[in-house]
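# Residue-level structure breakdown
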Amino acid sequence: MSDPKNPVPGDRAIDLTDLELHDITPDMARRILKLRDGHPEAIQAVLLAPPAVRKQAGLSEAEVGDLVETWATYQRIEQVLPAIHKLVELLEETRLVHGANIAMQLGEMAHQVRRRSTKLPNGDAVLATFEALLDYQFGLAQTVADRRAKAKADAETPAQPPASQPA
C-alpha cells in the first residue's frame, strides 16, 4: 500500500486535495478542445526553448509558467487515474456482491413468509404486511405466467372471421 498522495491500483485511500476538480456538463465536454497525440513533445518544445527564443516568438514567460503549472496538474491526474479506476471497479464489484446477497436473503425471506402464512390462521394479514417483499420476489414470475396463459388462451381460441360488410 502506498501513501494516499501517490496511490497505486488497489489502494483504498486516495488523497486528491491538491487538485482543483472541475464538474462540466456533457454539452461542455463535447465543445471543449481535446488533446491530440504528440502533445508531450509540443510542450517539451516550448519548455526547452531558450527564454530569448520564446520572447522572439512572442511567448511571454507568464504564459509558459501557466503551461508548466497546467501540465504538472495534468500529469498528476494521469498518475492517480489508474488507482481511481481500480477503486471504482472494486466498489462496483463489491456493490454487485452485496446486491446478490440482498437478493438471496429477500428470496429466502419471501419463501419463508409464503410457507408460514399458509399455516397461520391470520395468514392473509401476514401476507399483506409483506406485500412489497412478495411483489418484488414473485411479481415478475407472475407477470410472465399471466402473459403465457393469455397467449395460450389466444392460440386456442378459433379466429373469428371478419364480419361481412353489406354492399
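Scroll up a little and you will see the structure.
The model shown is predicted, which means the values in this text are computed figures rather than measured ones. (Residues numbered from 1 in each chain as written. Predicted model: local features only at pLDDT ≥ 70, side-chain atom pairs only at ≥ 80, totals over all residues. Heavy atoms only, no water.)

For the protein chain, the helix and strand inventory stands at six helices and zero strands. For the protein chain, the sequential pattern of α-helices and β-strands runs α-α-α-α-α-α. A total of 167 residues make up the protein chain; the buried ones form 12% of that total. Counted over contacts in the protein chain with a minimum sequence separation of 6, partners at least 24 positions apart contribute 56%. Accessible area for the protein chain stands at about 13700 Å²; split by element, carbon and sulfur atoms hold 60% of it. (Helix = DSSP H or I, 4+ residues; strand = E, 2+ residues; numbered from the N terminus. Buried < 20%, exposed > 50% of the residue type's maximum accessible area, 1.4 Å probe, protein only. Contact = heavy atoms within 4.5 Å. Areas by Shrake-Rupley, 256 points an atom, 1.4 Å probe, with all protein chains shown as cover.)

This next bit is on the environment of Pro50. By the secondary structure assignment, Pro50 is in the loop between helix 2 (39-48) and helix 3 (51-56). Overall, the relative accessible area of 44% leaves Pro50 in the partly exposed class. Spatially, the C-alpha atoms of Pro50 and Leu140 are 71 Å apart, while their sequence positions differ by 90 residues.

Nonpolar side chains collect at one region of the surface, where Ile24, Met28 and Ile32 lie side by side and expose about 250 Å² of accessible area between them. Here Met28 falls in the partly exposed class, since its relative accessible area comes to 38%. (Patch = residues over 30% accessible without salt bridge, like charges linked within 9 Å, V, L, I, M, F, W, Y side chains within 5 Å. Salt bridge = Lys/Arg side-chain N within 4 Å of Asp/Glu carboxyl O.)

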